[in-house]
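# Structural overview
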Protein chains: 4
Amino acid sequence: MFTVGIIGATGYAGGELVRLLSSHPEVGRMLLSSTSFEGGRIETVYPNLLKRVSAELLAPDSVVAGSDVVFSALPHGVGEKFAVPCIGRKIPFIDLSADFRFDDDEATFSAWYGKPFEHAELRAHSVYGLPEMNRERIGKALIIANPGCYPTGASLGLYPALKLGLLAEGMVIVDAASGVTGAGRSPSQTTHYPDCTDSLAPYKVGGHRHVPEIARNFSIMAGKPVPMVFTPHLAPMNRGILSTIYAPLASPGNGKVSLDAGQSNGPNPAAPRPATKAIEAKAADLRERWTDFYKDEPFVRVLPYGQTATTRNVRLSNYCDISIHLDQTGTMLIVVTAIDNMIKGAAGQAIQNMNIVMGFGESVGIDAVPVAF
Amino acid sequence: MFTVGIIGATGYAGGELVRLLSSHPEVGRMLLSSTSFEGGRIETVYPNLLKRVSAELLAPDSVVAGSDVVFSALPHGVGEKFAVPCIGRKIPFIDLSADFRFDDDEATFSAWYGKPFEHAELRAHSVYGLPEMNRERIGKALIIANPGCYPTGASLGLYPALKLGLLAEGMVIVDAASGVTGAGRSPSQTTHYPDCTDSLAPYKVGGHRHVPEIARNFSIMAGKPVPMVFTPHLAPMNRGILSTIYAPLASPGNGKVSLDAGQSNGPNPAAPRPATKAIEAKAADLRERWTDFYKDEPFVRVLPYGQTATTRNVRLSNYCDISIHLDQTGTMLIVVTAIDNMIKGAAGQAIQNMNIVMGFGESVGIDAVPVAF
Amino acid sequence: MFTVGIIGATGYAGGELVRLLSSHPEVGRMLLSSTSFEGGRIETVYPNLLKRVSAELLAPDSVVAGSDVVFSALPHGVGEKFAVPCIGRKIPFIDLSADFRFDDDEATFSAWYGKPFEHAELRAHSVYGLPEMNRERIGKALIIANPGCYPTGASLGLYPALKLGLLAEGMVIVDAASGVTGAGRSPSQTTHYPDCTDSLAPYKVGGHRHVPEIARNFSIMAGKPVPMVFTPHLAPMNRGILSTIYAPLASPGNGKVSLDAGQSNGPNPAAPRPATKAIEAKAADLRERWTDFYKDEPFVRVLPYGQTATTRNVRLSNYCDISIHLDQTGTMLIVVTAIDNMIKGAAGQAIQNMNIVMGFGESVGIDAVPVAF
Amino acid sequence: MFTVGIIGATGYAGGELVRLLSSHPEVGRMLLSSTSFEGGRIETVYPNLLKRVSAELLAPDSVVAGSDVVFSALPHGVGEKFAVPCIGRKIPFIDLSADFRFDDDEATFSAWYGKPFEHAELRAHSVYGLPEMNRERIGKALIIANPGCYPTGASLGLYPALKLGLLAEGMVIVDAASGVTGAGRSPSQTTHYPDCTDSLAPYKVGGHRHVPEIARNFSIMAGKPVPMVFTPHLAPMNRGILSTIYAPLASPGNGKVSLDAGQSNGPNPAAPRPATKAIEAKAADLRERWTDFYKDEPFVRVLPYGQTATTRNVRLSNYCDISIHLDQTGTMLIVVTAIDNMIKGAAGQAIQNMNIVMGFGESVGIDAVPVAF
């Protein structure tokens, strides 16, 4: 039985780690820190934990010193330094911030996050923690950069297309929406109930920090730069990220109208027609490519043809659901992915990474069935 | 004072017409029909109307026979025939269904709606009722095809770009989400509270009936075919349609990385960088084009630079809010539009059309200030 | 045309006054103050007002000095002093805080609000602004204490019972729930979306400041002390207060089981039975008493027998809906009332008071039809 | 490993049984029936189960015949007959309907449910399945009547007061609200998203079928009839029942004003004052009684003094949270309880009963930590 440390345990990602790890069979003890509530108790901050978790909120240094594995759920730039003693003690440091997501590309990190790496040398020990992409390297790393929530949903959706070379040149569009927990536990005007309920709001259009992370993943997956646009939205729900991804297929006639033989073409022959049987068959074939690609992945579900991914069906689970579609012309690939932003998008994936690096079963402690109602 | 007839008064679009018209100063009396509740009373179906509207629900023929102007809020294909007596009596027939939205293009209509025009000759009297596009023709028409909800939000957003020739060749992506009232008043599994709350769900990906309507509007606005893709989503909110529209700008270097002079390019020179000042200035300039284009429109608000359209800020009003953005490379135009799907997307726009065709002030009865909380 | 001043215009009550008064036909101009945003503009704080209201946010003194009637939407204890210059200029001061709600009972006010009256002498000019109770006095007052939101719903529900002497001795229970706008515009952990959505939470059980206000109203209405208990709840909705009020009827056999003649009584003769026809008839009779009592009130709707008040049917209106019920024994009166907490519970009622004191039609500017979907 | 049968597996209670039992370590196999979807598959009805549960939906008879324990999640009156073969085979039948909740009191059952017992003799084998009340009898029974959702929350809240004789004569008021899943999976106008979101609605005031069940529990707990009133409300949330229970304490001076020594009494000596220190101490003492009463219960949490039960803190768990309060006079006990209506209010409690009757650990498979965000 291991002792697990969580620094930044009272934010939502930290709190979710506490909830999930409290039932993890390999975890013996949790040491928790909190900047905001140091000296308090976790079950006071989260009364849902009453009778289940009881722990004082310590200083981060003592958490790191006493643990066999450390999760950092601190904001970007704050937790990097705690990786140093972990490397010294050769224990895994799993970081939910962006600090280690850009490996040796400090230029991109600093362009978007406004600060340099503090300990650039740590990147010799770090890996980007998307298990479906980097499982083997994760198993050997000491620092694991847990992916961002949006990048997880976007990257898993398009990975087969990029790896298998299914796309034409052209912009990939990632249009995504997140539940409000994605904005964290600190109250703000944006997350004030009357301001965000019953409304849908894009934010940071053209400039969200997940742009370079998604682009980086796409480029690594494709082996070449992939031009992309990403727009996040705030949706009036607690959990979930839905990503609708548009990518032009590498096939002739993109964007051209597809006419069925015998179609009456009326006064406007360029007007769209419903997808033909041939297009439907093509979509079903593509869906098989994704199914095959992910056939051994425990947490990716490619949906049966005809179903569409929704956040409801992955809620409170570590699954990423993926559905494959084509537009009416059969030339634009539309991939929809759904994750729980707090689980596969944060704490669950972090535990998946812990399971890999510690040699536990990959699904241990994160195998909850989704809650659909 | 006029007598207004509403056939199909107990659906949501019909109910919203009743609510709005009950305070319209030019409306003297409303005659209402309902297939589901014929013989009942509107204030029983909608108890919110108590003390405000009291009317028996009649058969549609008698409503048409007794009115000076008729709104049809019946489903597609059901109400077309009631336009015949209106033409006979030379009174306006404002149709909220799709029946008259495709003018002489019966081929496209029947391809998507699965039936021919019943009275094709009526199209000699009809106009597509988007006032910002067809105001003059609306003023002279007898049959007004009130636009679909999604097509309204999408078309108003891209109209200036298409009309002014600002776009490059390439797919336009319309990614949009609607509140649940858009699915109508009849209960279904999809709109059952536990099934749609706290979740975001795309539907009819690549095959929604608003595809040909949006494409038709884009093509008319541009004067040439515009390839496009449209994906609707169901969002857990009552009202509102948010459209995020992606369109490649007619400028060199689309999709290429934009490097600032002196940018440290690191190991990955193709990695995205935050938008430069030059890109921000370009976006602000574009925003001026939209502002100028719509400067005389009573119900279009182009937002100040830096603000983003959200459904919250147009809720319960007839406004369409538009915000203009660029991606980080400055080559992809991102237009966000927000409308209340029940008002500018249905009943409000229908009343705007009535005001135009009847010669009332265009904003009369639909000038409610949006309700933001 | 009058100039209306609103001090505290950027809170929710103030913002709602701005929204409603912007369409009030007797209001020529609004002067607005804001502590938080002084020097800013109202349409920046509330972008929904774009193109409709444009005003600088001034200091409160200049607002008071330039207005013909002043609304104070400041917190308790902060706005009292601004009544002084209004009295001096003999213009109405309509206060949405609790400062003037306790008339000469400073002891009760200070016991619950923790401070004395600052200008006790002002109570010579003040009246409790529940129009249904004090309409004539309101018409002659200079200071109007706009009622609290919960007290409005509770008091209107029980007024006929108390006035007509229908109740037995015994505790009255007021169990009520409010939408989140009732907590104001300032973000807090309690009103953070993830903390309050999908949950129902009582608060300040046995100790909410509206206890003495409700008790005071009940006692005045009954002409004697009325023991009462009040529990507020926070409900996951934006607007609305629903009050479920339990009061023992002055009739024999309270709390005893009511047996139908011939009822098989089984092994447990004290077990409850469904209400008999006689009990249903008694409830219908009682409902007639309420209908008659409120027959001339423009904003009270006693629902037809068989309907139940819900917040949905009064949303965005100034109505108070009331439904009358009995428990299964026919001895406990259950009155349900619904109001929009922002309108009849705050800004709408304040405008109703303005209309009365200024001699406008009582419903002018606050006659919106409720929005049920 | 056992085979578990669930008849009525596609309703919400049935679906929740499937979800929870799919992770129960003693359950080897599930046999499922569905009237609506017979011949289909559970993972098609509930796509969240993909990759986790795969089962054909059978006829109920074959489910009963092949199982070691049977859950019936059928509507009232439909499932009673399936208990007969279970008794014959001496396997437990756990019924989530009301059919067996009234033991030998067929008169009360038939008065509220409109039908007689079909197999009255089965009551010789049945017990009311509230473990905190009847644990020992449950362990020996063959038929377990799983309690109603509202009765669970109400009964657990007041059990100590009734058992310990803490109450005065007088009406007990149970004011409660349920999430929408409580209305079941079948769509209806009442549960249509636009009709129930953003609104709070009482229903069946004075006449809900849980009245006799709550009254029966109260009477058994107190050893004498307890007059009571119960009002349910529909709240805009998915899960949870919050019960606010008012009961007069057996202490002198109920309903009288409590004056602190030295309190300035002003012009209105009967006006309520905030609770004194003595009253607060009394409430804290009472809370200790509840804590002691439930000290060995695995699923009841009496909250620390100063906290208030909310549905959020028990969401998706089998806990019943209880908080103890007094009104400002110290004479009215106010108990607040929160449960997840689908778990402690239905499927979770049914599994708790299975665990007891089968001799498993009582918490096995239902020990999820509540999900607070």
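What counts and how
Residues numbered from 1 in each chain as written. Chains lettered and ligands numbered in written order. Predicted model: local features only at pLDDT ≥ 70, side-chain atom pairs only at ≥ 80, totals over all residues. Heavy atoms only, no water. Disulfide = S-S within 2.5 Å. Buried < 20%, exposed > 50% of the residue type's maximum accessible area, 1.4 Å probe, protein only. Contact = heavy atoms within 4.5 Å. Buried area = accessible area lost by both parts, 1.4 Å probe. Polar contact = N/O pair within 3.5 Å; in protein donor to acceptor, adjacent residues only side chain to side chain. Helix = DSSP H or I, 4+ residues; strand = E, 2+ residues; numbered from the N terminus. Pairing = 2+ DSSP bridges. Least-squares fit on C-alpha atoms with pLDDT ≥ 70 in both. Phe/Tyr/Trp six-rings, centres within 6.5 Å; stacked < 30°, edge-to-face > 60°. Lys NZ or Arg CZ within 6 Å of the ring centre and 35° of its normal. Salt bridge = Lys/Arg side-chain N within 4 Å of Asp/Glu carboxyl O. Nonpolar A, V, L, I, M, F, W, Y, C, P; charged D, E, K, R; others polar.

## With respect to the state of the cysteines
Scanning all chains against the criterion turns up zero disulfides over all chains. Cysteine A:Cys196 shares no disulfide, and the gap to the nearest cysteine sulfur, in C:Cys196, comes to 8.1 Å. Among the residues examined, A:Cys196 registers a relative accessible area of 4% and is labelled buried. Not part of a disulfide, B:Cys320 finds its nearest cysteine sulfur in B:Cys149, a span of 13 Å. Taking relative accessible area as the criterion, B:Cys320 reaches 0% and is therefore assigned buried.

## As for the interface of chain A and chain B
Between chain A and chain B, the residue contacts involve 65 residues of the former and 65 residues of the latter. Here chain A packs against chain B, burying approximately 5,000 Å² in sum over the two surfaces, 63% of which is carbon and sulfur. At the junction of chain A with chain B, the criterion picks out 26 residue pairs in polar contact (both at pLDDT 80 or more).

## Points about the pairing of strand E11 (residues 241-248) of chain B
Looking along a regular strand, one sees side chains alternate from face to face of the sheet. Residue and element names in this part refer to chain B. With eight of eight residues buried, E11 lies mostly within the body of the structure. Side chains Ile241, Ser243, Ile245 and Ala247 project from E11 onto one buried face, and the interleaved Leu242, Thr244, Tyr246 and Pro248 project onto a second face that is buried too. One ladder, built from six bridges, connects strand E8 (residues 172-178) with E11; its direction is antiparallel. Looking across to E11, one finds that Asp175 is bridged to Thr244.

## With respect to the relation of the copies chain A and chain C
Screw-axis analysis of chain A against chain C gives a translation of 0.0 Å along the axis, an RMSD of 0.0 Å, and a rotation angle of 180°. Taken together, these values place the two copies in the relation of a two-fold axis. Minimal C-alpha separation from the rotation axis in chain A is found for A:Tyr193, amounting to 2.1 Å. When the interface residues of chain A are mapped onto chain C, 100% of them are again interface residues, pointing to one common binding face.

## Looking at the packing of aromatic side chains
One pass over the structure, following the stated rule, counts 50 aromatic pairs over all chains. Residues B:Phe109 and B:Tyr113 carry aromatic rings whose centres are separated by 4.9 Å and whose planes lie at 10° to one another, so their mutual orientation is stacked. Taken together, the positions of B:Phe109 and B:Tyr113, both in helix H5 (residues 106-113) and four residues apart, correspond to about one turn of that helix. Summarising the burial analysis for this pair, B:Phe109 and B:Tyr113 share the class buried. Of the aromatic side chains, those joined through ring pairs into one cluster are A:Phe102, A:Phe109, A:Tyr113 and A:Phe117. Over the face of the ring belonging to D:Phe117 we find D:Arg123, whose NZ or CZ atom lies 3.7 Å from the ring centre. The cationic tip of D:Arg301 hangs over the ring face of D:Tyr319; the distance from NZ or CZ to the ring centre is 4.2 Å.

## Thoughts on the pattern of salt bridges
As enumerated under the stated definition, the model contains 64 salt bridges over all chains in all. Counted as one network, the salt bridges with shared partners bring together A:Glu16, A:Arg19, A:Arg239 and A:Asp340.

## Some words on the interface of chain A and chain C
Taken together, the contacts link 19 residues of chain A with 19 residues of chain C. Summing both sides of the interface, chain A and chain C together bury roughly 1,500 Å²; the carbon and sulfur share of this comes to 55%. When the buried surface of chain A facing chain C is broken down by residue, A:Pro187, A:His192 and A:Tyr193 rank first, second and third, together holding 42% of it. If you look at where chain A meets chain C, you find zero salt bridges. The tally of links between chain A and chain C comes to 16 residue pairs in polar contact (both at pLDDT 80 or more). It is helix H8 (residues 193-196) of chain A that contributes the most residues to the side of chain A that touches chain C, four residues altogether. Looking at the side of chain A that touches chain C residue by residue, the classes come out as eight nonpolar, nine polar and two charged.

## What about the relation of the copies chain A and chain B?
Least-squares fitting of chain A to chain B yields an RMSD of 0.0 Å, with the superposition described by an axial translation of 0.0 Å and a rotation of 180°. Take the interface residues of chain A: 100% of them recur as interface residues in chain B, which is what a same-surface contact looks like.

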